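# Structure at a glance
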Amino acid sequence: MTHGRAGAGEGAVAAQGLWSRDFALFFVARAVAALGDAMLPVALAAGLLQHGYGAGAVGLAMASTVGSFATLVIFGGVLADRFDTRRLMIGADLVRLATQALAAALFFTGQVVLWQICVIGAVNGVAGAVFQPGVAGTVPRLAADVQGANGAIGTAEAGAQLLGPALAGLLVAFTSPGGVFAAHAATYGLGALCLLSLRLPPLPRRGGPAGRAVAAFLADLAEGWREFRSRAWMWGVIVIWCLMMVAAWGPTVPLVAAEVIGEHGAGTYGLVNSAFGAGTVIGGLVAFRLRPRRMLRAGGVAIAAFACFPAAVGAGLDVPGMAAGAVIGGAGRAFWAVMWATSVQTQVPVGVLNRIHAYEVAGSLAMVPVGQSLAGPAADAFGADHVLLAAGAATLAVSAALLSVPAIRNLPRADGPALRGGTALQAPDGRAHRKGPER
């Protein structure tokens, strides 16, 4: 399939300010989803441990979701570019509403079997693979200020990461892990209601003859790959980010937990996690206001701050020192996330944005389990503190690598969704054109 020439309204976004009715609905949907997702690890860990399973079972249950998501998200990107994005996201939320309600029933009744929890997780991953690609394409269709929109959503998600684990802990204490799953199901229900009320500017329909559906699907998949590899700044970031996932982020998550809980207890670990969440809120707020001309250059500098998080723990600092490192690390990572998401959403033509987003998400996630699986053996061989210090050093290397690639550091800013040629689509007053709503 080939795209036609972009019309005057392709990729249209709301002409009013950032906080339009439709963006507010999407913002609420993303915020409640992030809150539910932040609660889930607590529910899984507490629930499975209460029923006699070990840490390996918890990891397996989490991996079932990540594995199916990472495997299928590329195909989800094709679906998001070919069909009604809003309906796909609503359907995905309804599927997850059903699966999490089923999980809640299992935990409430005490009929918890690991393979059933893993199947539920895998189905959630499939639904997420259908949902996630549409997020990238929806933001520039709703907000003329794409960076501001990403900053607002990122800040809300950071706040959810800060509140979610604490709320989950309260629900586990006063009800059971099933209460957390029930609350998680409710967040998907609320998200689906928000998306159901959403009005999206239409995009050109791209469906092909029914008899050639498979061929068209494969052609779209191939086109997404061509568009992805044609952008050196994009695949360059993904290649470098693989190093970040293997050598920095992957080891940091399990080893920080092990080190802090082992030395200071679970309460201190919760405090350090909350400090990281507070840092991500700060980074999101800064990204909401700061408008660098070279967004990936600014993000590449900011990501170096993440090194403070693993390094503070690896260096054996006291609790205030670890919390400070977590705040700085969270701020740097959140600022990078907004710069990256905005660059993708404003530099990529809207007709292939969902597929390209799927490729970059798959590329980013692919190395996470590798880094996590290597963390334990590396800690046994060299000591967890040395591995965490190495993770800090690897983060600095990633920052330097990002800044060393001309296509990344010199990518010019764009403030609107891209046409086929990569030029932002904006009206003379700087606001984007809008067509009639898609419901």
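Residues numbered from 1 in each chain as written. Predicted model: local features only at pLDDT ≥ 70, side-chain atom pairs only at ≥ 80, totals over all residues. Heavy atoms only, no water.

What follows deals with the packing of aromatic side chains. A full pass over the atoms with the stated rule returns ten aromatic pairs. Judged by centre distance (6.2 Å) and plane angle (40°), the ring pair of W249 and F276 falls under tilted. With W249 in helix α8 (residues 232-264) and F276 in helix α9 (residues 266-289), this pair connects stretches of sequence that are 27 residues apart. Of the residues examined, W249 reaches a relative accessible area of 18% and is grouped as buried. Relative to F306, the ring of W249 lies with its centre 5.5 Å away and its plane at 45°, an arrangement referred to as tilted. With a gap of 57 residues between them, W249 in helix α8 and F306 in the loop between α10 (295-303) and α11 (308-314) connect regions that are remote in the sequence. By relative accessible area, F306 is classed as buried at 0%. Taken together, W233, W241, W336 and W340 form an aromatic cluster joined through their ring pairs. (Phe/Tyr/Trp six-rings, centres within 6.5 Å; stacked < 30°, edge-to-face > 60°. Helix = DSSP H or I, 4+ residues; strand = E, 2+ residues; numbered from the N terminus. Buried < 20%, exposed > 50% of the residue type's maximum accessible area, 1.4 Å probe, protein only.)

The subject of this paragraph is the side chain of T280. Turning to its location among the elements, T280 is positioned in helix α9. A polar atom in the side chain of T280 sits 2.6 Å from the backbone oxygen of G277. Non-local contacts of T280, meaning those with residues more than four positions away in its chain, are made with A158, G330, A331 and A334. (Polar contact = N/O pair within 3.5 Å; in protein donor to acceptor, adjacent residues only side chain to side chain. Contact = heavy atoms within 4.5 Å.)

Next up on the list: a nonpolar patch on the surface. Residues V95, V113, W115, V119 and V123 make up a contiguous nonpolar surface patch of about 410 Å² in total accessible area. No other element matches the three residues that helix α4 (residues 114-142) contributes to the nonpolar patch. For V119, the position within the fold is in helix α4. (Patch = residues over 30% accessible without salt bridge, like charges linked within 9 Å, V, L, I, M, F, W, Y side chains within 5 Å. Areas by Shrake-Rupley, 256 points an atom, 1.4 Å probe, with all protein chains shown as cover. Salt bridge = Lys/Arg side-chain N within 4 Å of Asp/Glu carboxyl O.)

Time to look at the side chain of Q100. Within the secondary structure, Q100 is located in helix α3 (residues 85-109). A distance of 2.9 Å separates polar atoms of two side chains, one belonging to Q100 and the other to H184. Residue contacts for Q100: discarding those within four places in its chain leaves L40, I120, N124, F181, H184, A185 and Y188.

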